[in-house]
Amino acid sequence: MSIITVTGSASGIGAAVCEQLKEQGHTVIGIDRQKADVVADLSTAQGRKAAADQAIKSSNGKLDGLVCCAGLGVTAPSSSLLVSVNYFGTTELIGLLQSALSKSESPAITVIGSVAATQQVAKPHNLVELMLNNDESAARELADELGQPHVAYSSSKYALTLHCRRLAVKHGSNGIRLNVVAPGAVETPLHEASKNDPRFGEAVRNFIAPIGRNGQPSEIADAVTFLQSPKASFIHGSVIYVDGGMDAMMRKGNM
Ligand code: NAD
């Protein structure tokens, strides 16, 4: 069976992904700030390097998969921290683990984006450009200057999704499949904190998917484990919405 690294393994979607992968017989190397095989802080360059070094060491230099779930929501201590974890914590780790992944027969990466990436606030934003230009210090500075965590969040997920799509095209021939899963509202500690936030709580509570309920972490993990499996061997560069119809509702009239 395969060796798969999962970030954000201690909670919510990441924990559900780890559980399913282990049930399927895979070896999982979890990375998180706490309660993980590899305890590391993905908000800093040193933390990302330490996480990658330990994951490579634990897998003897060959990894079959990477699932990037670590992330912060709108209740993050600061917008700069959110940008560092959600965008740079994922994109830099992918770069650091690429060579270990390329040693596998059929490596696959799944990145957790968000349905929030399709919200209009993210797209034209300078913050997206700074992230895509890999300028972490300028992106952090602008994010804090704006002081709008919902803009930082959707911009981080928009930039992350675009980065992954570009990477999938650029590196298609190196054999590493790369896809994004974009969840809607999923009942996790991150979502609970947003629901209780005095600034965003009401909007979050009222944002109900057409299917009439929020998702469970296991429903996101179902999509992730499918994408990591050989059954998804021709799926590459895709964004799969697992959102109870939220994207269809928000972008009705668009593909
Ligand atoms: P969660 O808070 O339950 O889990 C997030 C995990 O990321 C935690 O274990 C946390 O410790 C880890 N993490 C945060 N900062 C880190 C850092 N600096 N270094 C290492 N690990 C760090 O939240 P969740 O809802 O399971 O979120 C998982 C992913 O799903 C996130 O990327 C989130 O943006 C995305 N998402 C969640 C929802 C939702 O409604 N829950 C919707 C769309 C997208």
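The preceding data block contains the structure.
Throughout this description, residue numbers start from 1 for each chain and increase along the sequence as written. Whole-chain, interface and lining totals are the exception, using all residues; otherwise, since this is a predicted model, local features are given only for residues with pLDDT of at least 70 and side-chain atom pairs are given and counted only at 80 or more. To obtain the side-chain values, all non-hydrogen atoms of the structure were used and water was disregarded.

Draft legend 1. Region of interest: the pattern of salt bridges. Here a salt bridge means any side-chain nitrogen of Lys or Arg lying within 4 Å of a carboxyl oxygen belonging to Asp or Glu. Within this structure, the stated rule accounts for 7 salt bridges. Measuring nitrogen to oxygen at the nearest pair gives 2.9 Å for the salt bridge that ties Glu 136 to Arg 48. Separated by 88 residues along the polypeptide, Glu 136 in helix α5 (residues 136-146) and Arg 48 in helix α2 (residues 45-58) bring together distant segments of the chain. Here Glu 136 matches Arg 48 in class, with each residue buried. Its salt-bridge partner being Arg 199, residue Asp 197 comes within 2.9 Å of it at the nearest N-O pair. Note on classification: 1.4 Å probe, protein chains only; a residue is buried when its accessible area is under 20% of the maximum for its type, exposed when over 50%, partly exposed between these limits. When its relative accessible area of 52% is taken as the criterion, Arg 199 is described as exposed. A network of salt bridges, in which partner residues are shared, links Arg 48, Glu 92 and Glu 136. Helix and strand definitions follow DSSP, with helices as H or I runs of at least four residues and strands as E runs of at least two, each counted in order from the N terminus.

Draft legend 2. Geometry of empty space enclosed by the protein. The method works on a 1 Å grid over the protein atoms by themselves. A cavity is a set of points holding a 1.4 Å probe that cannot get out, a pocket is an open set with protein on both sides within 12 Å along at least five of seven lines, and residues with an atom within 4 Å of a point line them. Grid points are joined across faces, edges and corners, and a volume is the space filled by probe spheres set on the points. Inspection of every chain in the model, using the stated rule, returns 1 cavity of 30 Å³ or more. Contributing to the lining of the largest cavity are Ile 94, Gln 98, Ile 109, Leu 167, Ala 168, His 171, Asn 174, Ile 176, Leu 178 and His 236.

Draft legend 3. Structural view of the site of the ligand. Around the ligand there are 29 residues in total, and Ser 11, Ile 13, Asp 32, Tyr 153 and Thr 188 lie nearest to it. Throughout this description, a polar contact denotes any pair of N or O atoms lying within 3.5 Å of each other; where both atoms belong to protein, one of them has to be capable of donating a hydrogen while the other can accept it, and for residues adjacent in sequence the pair is counted only when both atoms sit in side chains. Here an oxygen atom of the ligand sits 3.0 Å away from a polar atom, N or O, in the main chain of Cys 69. Measuring from an oxygen atom of the ligand, one finds a backbone N or O atom of Val 186 at 2.8 Å. Throughout, the Shrake-Rupley method with a 1.4 Å probe supplies accessible areas, and for residues the shown protein chains are the sole cover considered. Calculation on the ligand without its partners gives an accessible area of 820 Å², and the protein chains cover 95% of this total. Residues are grouped as follows: Ala, Val, Leu, Ile, Met, Phe, Trp, Tyr, Cys and Pro are nonpolar; Asp, Glu, Lys and Arg are charged; every other residue, Gly included, is polar. A breakdown of the residues in the shell around the ligand according to their chemical character gives 15 nonpolar, 10 polar and 4 charged. For this purpose, a residue is taken to be near a molecule or strand whenever a single non-hydrogen atom of the residue falls within 4 Å of it.

Draft legend 4. Region of interest: the packing of helix α3 (residues 79-101) against α5. Viewed as axis vectors pointing N to C, α3 and α5 meet at an angle of 150°, and their least axial separation amounts to 8 Å. It follows from the interaxial angle that α3 and α5 lie roughly antiparallel. Handedness of the α3/α5 crossing: right-handed. Between α3 and α5, the residues in contact are Ser 79, Ser 80, Leu 81, Val 83, Ser 84, Phe 88 and Glu 92 and Glu 136, Ala 139, Arg 140, Ala 143 and Asp 144, respectively. When its residues are assigned to classes, the contact of α3 with α5 shows 5 nonpolar, 3 polar and 4 charged. Geometry is summarised by axes, namely lines fitted to C-alpha atoms with helices restricted to the contacting stretch, and by angles between N-to-C directions that run from 0 to 180 degrees. For classification purposes, an angle smaller than 35 degrees is called roughly parallel, one larger than 145 roughly antiparallel, one from 65 to 115 roughly perpendicular, and anything else oblique. Crossing chirality is assigned from the near helix's rotation relative to the far helix, an anticlockwise turn below a right angle marking it left-handed and a clockwise turn marking it right-handed. Contacts are assigned to residue pairs with any non-hydrogen atoms lying within 4.5 Å of each other.

Draft legend 5. Local environment of the sheet that holds strand β7 (residues 239-242). Here 7 strands make up an open sheet; going across it, the order is β3-β2-β1-β4-β5-β6-β7 and the pairing parallel. Looking at strand neighbours, the two that pair on one side only are β3 (38-39) and β7, the edges of this open sheet. Pairing between two strands requires that DSSP report at least two bridges joining them. In this sheet, strand β2 (residues 27-32) lies alongside strand β1 (residues 3-7) in parallel orientation, the contact comprising 5 bridges. Within the sheet, the bridge partner assigned to Val 6 lies in β2 and is Gly 30.

Draft legend 6. Layout of the packing of aromatic side chains. Aromatic rings from Phe, Tyr and Trp, taking only the six-membered ring of Trp, are treated as a pair when their centres fall within 6.5 Å; an angle between ring planes under 30 degrees marks them as stacked, one over 60 as edge-to-face, and anything in between as tilted. Taken as a whole and assessed by the stated rule, the structure comprises 1 aromatic pair. Taking the centre distance of 4.8 Å and the plane angle of 85° together, the rings of Tyr 87 and Phe 88 count as edge-to-face. A residue is classified by how much of its surface remains accessible, and Tyr 87, at 1% relative accessible area, is buried. A residue is classified by how much of its surface remains accessible, and Phe 88, at 1% relative accessible area, is buried.

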